[in-house]
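Overview (structure and organization)
What follows is each chain in one-letter form.
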Amino acid sequence: NPIIRKMKKMDGVYEGDCATYKGIFLKSLYFLLMVIVGAALAFTLANSFLTSSTLLFVLYGVSLVLMLVCGIVAGISPKTTPVTGTLSSLAMGYATAFTGVLIPEYSSIYYLAIVLTLAIVLAMMFVYFSGIVKVTDNFRKVLYTALLASIIGSLILVVCFFIPATRIATVLFLTNPVIAI
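What you see as residue numbers is a count from 1 along each chain, following the sequence as written. Predicted model: local features are reported for residues with pLDDT of at least 70 only, side-chain atom pairs are reported and counted for 80 or more only, and whole-chain, interface and lining totals are derived from all residues. Derived side-chain values reflect all non-hydrogen atoms in the structure, with water molecules and hydrogen atoms excluded from consideration.

Let's talk about the overall build of the protein
Put simply, the rule is: Secondary structure elements follow DSSP: runs of H or I of four or more residues count as helices, runs of E of two or more count as strands, with numbering from the N terminus. Only protein chains enter the accessibility calculation, which uses a 1.4 Å probe. A residue is then buried if its area is under 20% of the maximum for its type, exposed if over 50%, and partly exposed in between. We call two residues in contact when some of their heavy atoms are within 4.5 Å. Here the Shrake-Rupley method, with its probe set to 1.4 Å, supplies the accessible areas, and only the displayed protein chains count as covering residues.
For the protein, the count of helices and strands is eight helices and zero strands. In the protein, the succession of α and β elements from N to C terminus is α-α-α-α-α-α-α-α. The proportion of buried residues among the 181 residues of the protein is 18%. A separation of at least 24 residues holds for 65% of the contacts in the protein among residues at least 6 apart in sequence. Of the roughly 12600 Å² of accessible surface on the protein, a fraction of 76% belongs to carbon and sulfur atoms.

This is how it looks when you write it as structure tokens:
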């Protein structure tokens, strides 16, 4: 696997000062705040009389692509994280707010997704700051593998949805609230 080979070559040491718990905590709060700002942007644009629904959907598509591209770039080149992380967080806030509020079919799952996301972020912060988990190269490999599996699984579900023979099973899979999150 070329991605795993590239990650094996990375030594995990970057130029600059060593990260502190306070610095990591503040950066986590900063990115969480950017998600909230992105959500506020979606709510503001949705309630504005000057914004057309076409523009809202175009921004939604752009935010989905931006989340994916910025996340991959930040993973490959950590030095770009101040810019790519901010853009990705803003896009994530916009996309989740748009999905949850402006698309009525998904409004019931919106709050569940927000609560689960906050729970995961807080749990990861707890295990990191308490020293239970050390961020090593192996830990990063596991996280990147899980991200890659999630992306590939989502693409497979999209393809299966457009195949008539698998559409029913795909819809049943996607409408299960535990799995679909």
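Further notes follow.
A look at the environment of Lys-134
The topology assignment puts Lys-134 in the loop between helix 5 (107–129) and helix 6 (137–161). A relative accessible area of 53% places Lys-134 in the exposed class. Beyond its immediate stretch of four places on either side in the chain, Lys-134 contacts Tyr-21 and Phe-139.

Observations concerning the packing of helix 6 against helix 7 (residues 167–175)
This is how the line gets drawn: Axis definition: a line fit to C-alpha positions, over the contact stretch in the case of helices; interaxial angles, taken between N-to-C directions, run 0 to 180 degrees. Working definition: roughly parallel below 35 degrees, roughly antiparallel above 145 degrees, roughly perpendicular at 65 to 115 degrees, and oblique for all remaining angles. Here a crossing is called left-handed whenever its near helix is offset anticlockwise from the far helix by less than a right angle, and right-handed whenever the offset is clockwise.
Direction vectors running N to C along helix 6 and helix 7 enclose 135 degrees, while the axes themselves pass 8 Å from each other. When the axis of helix 6 is compared with that of helix 7, the two are oblique. Viewed along their axes, helix 6 and helix 7 form a crossing whose handedness is left-handed. For the pair formed by helix 6 and helix 7, the contact residues are Leu-157, Cys-160 and Phe-161 on the first element and Arg-167, Thr-170, Val-171, Phe-173 and Leu-174 on the second.

Describing helix 2 (residues 21–47)
Keep this limit in mind: Every helix has an expected span of 1.5 Å times one less than the residues it contains.
Taking 1.5 Å of rise per residue, 27 residues should cover 39 Å, and helix 2 covers 39 Å from first to last C-alpha, within 8% of that figure. For helix 2, the set of buried residues is Gly-23, Met-34, Gly-38, Ala-39, Ala-42 and Leu-45. On the buried face of helix 2, the contacting elements are helix 3 (53–76) and helix 4 (81–102).

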